[in-house]
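Secondary and tertiary structure notes
Given next are the chains, with one letter for each unit.
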Amino acid sequence: MAGLLLLGVFCQVAAAQSNLKLRDVNVRKQANDVLTLMTFTVVPDVTTSTLSINAASTGNPALTMFTLGGGATMSRDIPVYLEGVFGYSRYDPKYVVSDGTTQSTLPLKWNSVSVSGGIGWDFRLNDELVIRPIFNISLGQVASDLKVGEFLLGRIVDREINFINNGSLTAYGLGGSLMLDWERVRPEYEFDLEARYSNITLQTFGNTDSSVEGSSKAESVNIWTRYRAPTGLTAMQRPIRYVLEAAHTRFLSSDQAALGIENLNSLGIGLELDSSAYDLFVSRIRLVARRIYGQTATGSSLGLAVSF
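Residues numbered from 1 in each chain as written. Predicted model: local features only at pLDDT ≥ 70, side-chain atom pairs only at ≥ 80, totals over all residues. Heavy atoms only, no water.

**Here we look at the packing of aromatic side chains**
- Applying the stated rule across the entire model yields seven aromatic pairs.
- Ring geometry for tryptophan 182 versus phenylalanine 191: centroids 5.3 Å apart, planes at 75°, classification edge-to-face.
- On the accessibility criterion, tryptophan 182 (29% relative accessible area) is partly exposed.
- Judged by relative accessible area, phenylalanine 191 falls into the partly exposed class, the value being 22%.
- Among the aromatic residues, ring-to-ring pairing joins Phe66, Phe86 and Tyr88 into one connected group. (Phe/Tyr/Trp six-rings, centres within 6.5 Å; stacked < 30°, edge-to-face > 60°. Buried < 20%, exposed > 50% of the residue type's maximum accessible area, 1.4 Å probe, protein only.)

Written out as structure tokens, the structure is:
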């Protein structure tokens with residue numbers, strides 16, 4: 001659809017104009033901005049699980065993103081922690097093309113996909129408290145919606161369009177996290193609290209054009225907590241639990257702050273079923289509705305989680 005709209009815009013001006021240029025575009029900055037979007041999806045975080053940020057000029061979403069992932073320790077006897085996350089974001093930067101007297105908006109959107117993983121080790125401080133260093137690695141690809149208009153763009157727009165026209169940027173990320181995990185289990189309730197610091201640097205590589213090579217840092221502090229207690233109802237021969245969640249993430253990188261996202265909050269409520277009375281691979285099933293908010297961002301999500 002974006003490609004068809006783009007052809008419509010340029011067909012109207014191509015007959016009269018042959019020297020259109022992108023207005024006020026710093027190609028390297030655009031590369032870093034696109035990379036920065038990926039930094040919000042490289043670690044498991046309920047505050048970025050689904051997000052929509054509206055553009056002030058149009059009221060329409062300029063950025064949407066969601067993540068799917070999680071992590072767990074294999075067992076107390078094998079204290080290896082593994083995590084993984086899939087992330088997707090869609091960004092509408094509203095490029096403008098101009099010949100000096102007239103201008104048109106370029107209806108282009110960037111799509112970012114990332115896959116990240118982490119491996120860590122649990123150092124148990126006591127029966128409830130664990131400190132967990134984690135090594136993280138990420139791989140991501142950014143691509144443009146623009147496919148149909150490539151030939152036309154190559155003839156009527158200056159060389160700065162190459163970043164958009166070729167529509168490809170590949171990045172990898174390396175870094176680490178440090179997590180403090182407190183789990184208290186009682187017959188009448190269960191309480192979890194995690195505090196995490198993450199620092200991952202994303203860097204372009206591979207087939208990325210040298211004119212748009214860049215890097216961006218994902219640095220954040222996150223506090224997440226969950227409370228579970230019986231509702232008084234039963235299902236599958238076990239109590240049905242209600243679930244309360246809260247999370248706060250502060251993004252410390254100046255790259256992330258430049259996009260107007262300095263912190264995000266999440267509140268959630270849900271129910272949990274216990275299937276341990278049956279010979280099933282899954283021992284618990286949890287459904288949680290979340291509301292996410294920040295200075296410039298709002299979002300909602302419905303999360304489904306399982307325990308083994």
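**Digging into the confidence of the model for the protein**
- In the predicted model, the protein carries a mean pLDDT of 78, and 70% of its residues have values of at least 70.
- Within the protein, helix 1 (residues 2–14) has the poorest average pLDDT of any element, 35, and strand 8 (residues 123–124) the best, 96.
- Low confidence marks residues 1–18, where pLDDT is under 50. Its contacts with residues over four positions away, or in another chain, come to 27 contacts. (pLDDT = per-residue confidence, 0-100. Helix = DSSP H or I, 4+ residues; strand = E, 2+ residues; numbered from the N terminus. Contact = heavy atoms within 4.5 Å.)

**Some remarks on the pattern of salt bridges**
- Counted under the stated rule, the structure contains 17 salt bridges.
- The partner of aspartate 181 in a salt bridge is arginine 132, and the shortest N-O contact between them spans 3.2 Å. Within this pair, whereas aspartate 181 is found in strand 10 (residues 168–186), its partner arginine 132 is found in strand 9 (residues 129–144), the two being separated by 49 residues in sequence.
- By relative accessible area, aspartate 181 is classed as buried at 4%.
- For arginine 132, a relative accessible area of 3% puts it in the buried group.
- Here glutamate 190 ties to arginine 241 by a salt bridge, and the two come within 3.9 Å at their closest N and O atoms. (Salt bridge = Lys/Arg side-chain N within 4 Å of Asp/Glu carboxyl O.)

**A closer look at the environment of glycine 71**
- Considering the arrangement of structural elements, one finds glycine 71 in strand 3 (residues 61–73).
- Residue glycine 71 is classed as partly exposed on the basis of its relative accessible area of 44%.
- Linking glycine 71 and valine 43, residues 28 residues apart in sequence, is a C-alpha distance of 10.0 Å.
- In contact with glycine 71, not counting residues within four places along its chain, are Tyr81, Leu82 and Glu83.

**Some details on the side chain of serine 114**
- Its location among the elements puts serine 114 in strand 7 (residues 110–121).
- Classification of serine 114 as buried rests on a relative accessible area of 1%.
- Among the polar contacts made by the side chain of serine 114, one reaches the side chain of threonine 41 at a distance of 3.0 Å.
- Those residues in contact with serine 114, other than ones at most four positions away along the chain, are Met38, Thr41, Val85, Phe86, Gly87, Leu139 and Gly140. (Polar contact = N/O pair within 3.5 Å; in protein donor to acceptor, adjacent residues only side chain to side chain.)

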